[in-house]
Amino acid sequence: GPTGSGKSTLLRCIDLLDPLDSGSIHLDGVDITAKNTDTNAVRRRVGIVFQSYNLFPPLSVLDNCTLGPRRALRVDRKTAESKARELLERFGLGDKIEEYPNRISGGQNQRAAIVRALMADPEILLLDEVTSALDPELVGEVLGVIRELAGRGMTMLLATHEMGFARDVADRVCFLHEGRVLEDAAPADLFGTPKHERTAQFLRRVREAGRI
């Protein structure tokens, strides 16, 4: 959807960062927006990655990835660091473990942010326009990580302007307009034969801009 359509707000609501005005959100059939919900327990099941990385500048890549598990989940340092090293190696950051965020590229920062979110073994990973702050040449390396996670069966909800990537990788695509899900369909259907004129108009403009 276009900027301001509610994509980021929807993800923040799912992670319980923003309160709901109405309605409810269900995870495995359980209303996670009900009163007395343990928000920390929900967030241990739902990981989120922001477009601006939000890594802590004074901490190394390794410490950024292990801080949460050590503080929130009480995982011992040795276990947390072993898992972080394995994930960082897997996503091409094995040689950046001791580096600081300001000494690595935007693409590497974003991959580190994804690793940090994966450290808690989330059931769902929310990705909020994670390529929008990157130089074009760095977008591919982050999308490669997402593609690998999808191939491994990770459930992800991705807000993105990378239309071609969404068409190729997603199982379902939703088009948001003015805070509502206007259309929800398989990629081939939504991109090929959209049901709503507003969706078709958006896709025409995206094609004219060469984004598909």
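Predicted, not measured: the structure shown is a model, and the values here were computed from it.

> Can you help me understand the pairing of strand 5 (residues 155-159) in this one?
Where strand 4 (residues 124-128) meets strand 5, five bridges bridge the pair, whose relative direction is parallel. Bridging across to strand 5, Leu 125 finds its partner in Met 156. Regarding the hand of the β-α-β motif, the stretch spanning strand 4, helix 6 (residues 136-151) and strand 5 is right-handed.

> Explanation requested: the pairing of strand 7 (residues 180-185) in the structure shown.
It is a general feature of regular strands that their side chains alternate between the two faces of the sheet. In this sheet, strand 7 lies alongside strand 6 (residues 173-177) in antiparallel orientation, the contact comprising five bridges. Each bridged residue has a counterpart across the sheet, and for Cys 174 the counterpart in strand 7 is Asp 184. Hairpin geometry of strand 6 and strand 7 is characterised by an intervening segment of two residues between the two adjacent antiparallel strands and by a positive phi of about 50° at Glu 178.

> In this structure, what is going on with the packing of helix 3 (residues 61-72) against helix 5 (residues 106-118)? I would like to understand it.
Packed helices, taken two at a time, are described by the angle their axes make and the gap between the axes. Contact pair helix 3 / helix 5: the axes reach a minimum separation of 8 Å and the direction vectors enclose 25°. Overall, the two elements helix 3 and helix 5 adopt an arrangement that is roughly parallel. Considering how the two elements wind past one another, helix 3 and helix 5 form a crossing that is right-handed. Contacts between helix 3 and helix 5 involve Val 61, Asn 64 and Cys 65 from the former and Ala 112, Val 115 and Arg 116 from the latter. The residue makeup of the contact of helix 3 with helix 5, split by class, is four nonpolar, one polar and one charged.

> Where do I start with the nonpolar core in this structure?
Most often, soluble globular proteins have nonpolar side chains that are buried together. Membership of the largest hydrophobic core comes to 32 residues, with the highest contact counts inside it found for Val 49, Leu 88, Ile 114 and Leu 125. For this core, the secondary-structure elements that each account for two or more residues are helix 3, helix 4 (77-90), helix 5, strand 4 and helix 6. Ranked by residues supplied to this core, first place goes to helix 6 with seven residues. The residues contacting Leu 88, other than those within four sequence positions of it, are Val 61, Leu 62, Cys 65, Leu 93, Gly 94, Ile 97 and Val 115. If you look at the next biggest cluster of nonpolar residues, it comprises 14 residues, including Cys 13, Leu 16, Phe 50 and Leu 126.

> Which parts of the structure should I look at to understand unusual backbone geometry?
Most peptide bonds are trans, and most residues other than glycine sit at a negative phi. Phi is positive for Asn 54, close to 60°, though the residue is something other than glycine. Examined against the element boundaries, Asn 54 turns out to sit in the loop between strand 3 (46-49) and helix 3. For Glu 178, which is not glycine, the phi torsion reads 50° and is therefore positive. Looking at the secondary structure, you find Glu 178 in the loop between strand 6 and strand 7.

Definitions and limits used
- Residues numbered from 1 in each chain as written.
- Predicted model: local features only at pLDDT ≥ 70, side-chain atom pairs only at ≥ 80, totals over all residues.
- Heavy atoms only, no water.
- Pairing = 2+ DSSP bridges.
- Helix = DSSP H or I, 4+ residues; strand = E, 2+ residues; numbered from the N terminus.
- Right-handed = clockwise from strand over helix to strand, strands pointing away.
- Axes fitted to C-alpha atoms, helices over the stretch in contact; angles between N-to-C directions.
- Parallel < 35°, antiparallel > 145°, perpendicular 65-115°, else oblique.
- Left-handed = near helix turned anticlockwise from the far one by under 90°.
- Contact = heavy atoms within 4.5 Å.
- Nonpolar A, V, L, I, M, F, W, Y, C, P; charged D, E, K, R; others polar.
- Core = buried A, V, L, I, M, F, W, Y, C linked by side-chain atoms within 4.5 Å.
- Buried < 20%, exposed > 50% of the residue type's maximum accessible area, 1.4 Å probe, protein only.

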